[in-house]
Structure formats: structure tokens, C-alpha cells
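Fold and contact review
Residue strings, one per chain:
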Amino acid sequence: MKNSSENKHVILHVDMDHFFSAIEEREHQRFKGKPVVVGADPQEGKGRGVVKTCNYESRKFGIHSGMPISKAWQLCPNAIYVNANYPLYNEVSKRIMDILRKYSNKFQQWGSDEAFLDISSEIGDFEEATQFAVCIKHDILWNERLTCSIGVAPNKLVAKIASDFQKPDGLTVVTEDEMESFLSPLSVRKMLGIGEKTERKLNRMGIKTIGDLGSYDVSTLGKKFGVMGKRFHQWAHGIYVSEVGKRKDARKSLGHEKTFITDIEDQELIMKKMDDICRRIYERAVKYGILFKTVTVKIRFADFQTFTHGKTLSVFTNCLQELQKTARDLAEGYFRKKNQFRLIGVRVSHLKDSKGQIPLIDGN
Ligand code: TTP
Ligand code: MG
């Protein structure tokens, strides 16, 4: 992170709201405002499947994921019941992950509708992180007509708990100083690794909230729950060390990006910086003996709106001039949109080495 907050981490956890049923609602206008349950045919209470998920209208009736569909039908026979359409959900999931991936090189998908982003190097403080999260929410809503909830915190554990705090369409920001007071009143059930059984055991020991857990004698927790007991104690204080995994496609592309210390308007200066980025990529491509066919430019404006735009060339190349010209052409259009640039990046993909193999390279 830049400025005074050196070495501090800012992690985002994004979780789509009632994912499968939100997609069904989007696809079928007539579902809007009605309880929608995705899972199986309830067959008037005789169906044997389970609820995969349901929208927030259905949750008012007590329906939830994992519940037998027959039970859901008893609770709300008038809900709309649909079978899961996995090919569609997978397609939407992929597009959402592509949107999120633009926002950080440190990106980790978690299941079909969740992801962690480490944005420590992209922003200066939690206020900027909030703006960043708002921008991501708009991006997903604009492009996919779906809402998500985002948690922003100094680590993955607290970010994940925070994203669940104000669902749906929520945004919860927890700074380093607020972590303990945020966690303390929450039920232990909200803590990572604590399911129904462990919750019951903790409750019997008089531990109901995360605050109770944090102030409990750590050696007793160790005796009762082994290594997990000590971890629960640490986690209850917001102490959690686990990095956000690097982007999965690192080996399939080669890129570099630059966040400016202050936002830049000067078009020629931006183009010059873009040329420098292209040169760095070119040097690495030559070092690894790589040819590329697709060039993608990434632009982030001062308000964090982020765009990527790519072009596939007619032949594989590692020509610097061609890379610079393509990147300049791709960036050109963005000068008409807005004029305050915060970040620019270039990535080449669709790689092969001189023998036509997909190369193995380190880094991003
Ligand atoms: P979740 O993110 O757990 O749930 P959700 O997105 O439906 O609702 P929320 O707003 O609370 O986040 O899971 C994502 C998708 O995974 C969900 O839409 C359906 C699927 N899923 C199952 O198939 N089985 C399950 O038991 C759960 C919990 C989810
Ligand atoms: Mg979800």
C-alpha cells in the first residue's frame, strides 16, 4: 500500500447474493418479487431433492440451502420452484470472475460465486478501498444485472465474515482498529470452521459470541478442541495469516501495470508510460523466447472504474513496435471517456515459444 500505511493489508471478499436464484430472476422477469427456490421439483411435497439456494423472498418463509425440497414446499407451496441450470450458472460465474480479476493481480476464486482480492498495492487507505468496492459492485450490476455483497478488512477471515454481515447488496468495511469490536458480538457460528456441532459444544461451555471465545482461557480451548481451539482463539481476535492466491492464469500471459502516484491527465505522458510497460513485457518475452498473439490493455480511472480491452493480432509476434502500437490504439478510445487515469496496464496472452509450445514462465 502506498503512503503511510506501508505493509498494511486490505482484502476484499466478494460474495454474490442468492447466486443461482438471482440468475433465474434475471432470466425470467415474471419471477421478480416472488419467492424463488432453485433445487428440484417439489412434487407437491413428495419431491426428494434439496434446495440449492433460494432468493431472499423465500428466506422470509424459513427456506434455506440444503433443506429438503419437500420441507420447502410445506413452508411455501406458492413459491416458484426451478431445477438448477448449471451450464448457465457456470457461464455467469466465469464472466463475474473475469470482471473481478481485472481489479487485482492477487485474486483467488472461492467456489462459484465468491472471490478474494488483495488490493493493498492498489489503494492508499480504507476510504479508498470503500470507493474501490463500490466500483466493483457497479461493474457487476451494470454488466451482469446481479448484486453482490462485499467485505473489506485487513485479512481474508474478517473480509469473509464482513461480506456476510449486510446481505444482500451489502458493503461492510472493517479497519484494523475496528476488527475486535466488529467480531466480538457475533455468534461463534459466524467463525470459520465452526459448524453446528462445535457451536453446541462451545455453547455448553458458556461461549456464545466470538467475544466470549476470544476471552476464554486458551489452554482449555486447546484441551477441548486441539490445535483448532488455539486457532479459534487467535481468529476471535482477528489474527489470521493467509495470503490471497495469485491469479491462476499467470503462466498463460505476461503483463505489467503501473498505478500512478497521482492521477494523470496528460495523454502523451500516459502513452509514454504505456510504451515503457510494453518494453518491459517485450524484454521478458525475448528473455523467455515467447511469441504472443493477443494484447490487452487495462485502464483504471481516478474513480476506480476499470476497463480491459484486447485485440488478437493476425500472427504470433514479439515485435516491440507492434506491441506498442497495438497498446496505444487500444488505449486511444479511453481518452474520450474520462481524463483522470489512475492505472494503466498491458498484458500479452495466447503465448507460444519458438517450438510452438505453451511456455512455462514465472510471475505475472
Ligand atoms: P452461497 O454463496 O453460499 O449462497 P447464495 O449465493 O445462494 O446466497 P447468499 O446471498 O447467502 O450468498 O452459495 C452460492 C451458490 O452455491 C448458491 O447460489 C447455490 C450453490 N449452493 C449449493 O448448490 N448448495 C449449497 O448447499 C449451498 C450453500 C450453495
Ligand atoms: Mg453467495
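Let us look at the structure shown here.

Reading guide: rules and limits
Residues numbered from 1 in each chain as written. Chains lettered and ligands numbered in written order. Predicted model: local features only at pLDDT ≥ 70, side-chain atom pairs only at ≥ 80, totals over all residues. Heavy atoms only, no water. Helix = DSSP H or I, 4+ residues; strand = E, 2+ residues; numbered from the N terminus. Polar contact = N/O pair within 3.5 Å; in protein donor to acceptor, adjacent residues only side chain to side chain. Contact = heavy atoms within 4.5 Å. Salt bridge = Lys/Arg side-chain N within 4 Å of Asp/Glu carboxyl O. Buried < 20%, exposed > 50% of the residue type's maximum accessible area, 1.4 Å probe, protein only. Donors = N, O, S within 2.8 Å, 3.2 Å for Na, K, Ca; no water. Tetrahedral: all angles 85-135°; square planar, octahedral: opposite > 155°, others 65-115°. Near = heavy atom within 4 Å. Areas by Shrake-Rupley, 256 points an atom, 1.4 Å probe, with all protein chains shown as cover. Arc of directions from axis to C-beta. Patch = residues over 30% accessible without salt bridge, like charges linked within 9 Å, V, L, I, M, F, W, Y side chains within 5 Å. Lys, Arg positive; Asp, Glu negative; His and termini not counted. Charge placed at Lys NZ, Arg CZ, Asp CG, Glu CD. Phe/Tyr/Trp six-rings, centres within 6.5 Å; stacked < 30°, edge-to-face > 60°. Lys NZ or Arg CZ within 6 Å of the ring centre and 35° of its normal.

**Things to note about the side chain of Glu 114**
Within the fold, Glu 114 resides in strand β6 (residues 114-118). Side-chain polar atoms of Glu 114 contact the side chain of Lys 160, separated by 2.8 Å. Sequence-distant contacts of Glu 114, that is, excluding residues within four places in its chain, are made with His 13, Val 14, Asp 15, Met 97, Gln 108, Gln 109 and Lys 160.

**Things to note about the pattern of salt bridges**
This model, assessed by the stated rule, comprises 24 salt bridges. Across the pair Arg 95 and Glu 91 runs a salt bridge whose closest N-O atoms are separated by 3.6 Å. Taken together, the positions of Arg 95 and Glu 91, both in helix α4 (residues 86-101) and four residues apart, correspond to about one turn of that helix. Judged by its relative accessible area of 34%, Arg 95 is partly exposed.

**Some points on the coordination of the magnesium ion (ligand 2)**
Donor atoms from the polypeptide that coordinate the magnesium ion (ligand 2) comprise Asp 15 (OD), Met 16 (O) and Asp 113 (OD), at 2.2 Å from the metal. Coordination at the magnesium ion (ligand 2) comes from six donor atoms whose angles at the metal span 83 to 176 degrees, giving a geometry best classed as octahedral.

**Thoughts on the site of ligand 1**
Around ligand 1 lies a shell of 13 residues, among which His 18, Thr 53, Tyr 56, Arg 59 and Asp 113 are the nearest. A distance of 3.0 Å separates an oxygen atom of ligand 1 from a polar atom in the backbone of Phe 20. Here Lys 167 contributes a side-chain N or O atom positioned 3.1 Å from an oxygen atom of ligand 1. When the free accessible area of ligand 1 is taken as 560 Å², the share hidden by the protein chains comes to 70%. Taken together, the elements giving at least two residues each to the shell around ligand 1 come down to β1 (11-16), α1 (19-27) and α2 (56-59).

**Considering helix α8 (residues 196-204)**
All buried positions along α8 are accounted for by Thr 198, Glu 199 and Leu 202. Angular distribution of buried residues about the axis of α8 spans 105 degrees; they occupy a single face of the element. Facing away from the buried surface of α8 by more than 90 degrees, the exposed residues are Lys 197 and Arg 204. At the C-terminal side of α8, Gly 206 shows a positive phi close to 85 degrees.

**A word on a positive patch on the surface**
On the surface, a cluster of positive charge is made up of Lys 197, Lys 201, Arg 204 and Lys 224. With three residues, α8 is the largest single contributor of residues to the positive patch. Within the element layout of this structure, Arg 204 appears in helix α8. By relative accessible area, which is 65% here, Arg 204 ends up exposed.

**With respect to the side chain of Lys 102**
As for its placement among the helices and strands, Lys 102 is situated in the loop between α4 and β5 (107-110). With residues near it in sequence (within four places) discarded, Lys 102 still touches Asp 139, Lys 298, Arg 300, Thr 306, Phe 307 and Thr 308.

**Topic: the packing of aromatic side chains**
A full pass over the atoms with the stated rule returns 15 aromatic pairs. Between the aromatic rings of Phe 20 and Tyr 89, the centroid separation amounts to 4.2 Å while the plane-to-plane angle is 20 degrees, which identifies the pairing as stacked. Highlighted residues: Phe 20 in helix α1 and Tyr 89 in helix α4, separated in sequence by 69 residues. Across the pair, Tyr 89 and Phe 20 agree in class, each one buried. Between Phe 132 and Phe 304, the ring centres sit 5.2 Å apart and the planes meet at 65 degrees, which makes this aromatic pair edge-to-face. With Phe 132 in helix α5 (residues 126-144) and Phe 304 in the loop between β10 (290-301) and β11 (306-317), this residue pair connects regions lying 172 residues apart in the sequence. Classification of Phe 304 as buried rests on a relative accessible area of 1%. By way of ring pairs, the aromatic residues Phe 301, Phe 307, Tyr 334, Phe 335 and Phe 341 are connected into one cluster. Looking at Lys 337, its charged tip hangs above the ring of Phe 307, at a distance of 4.8 Å from the centre.

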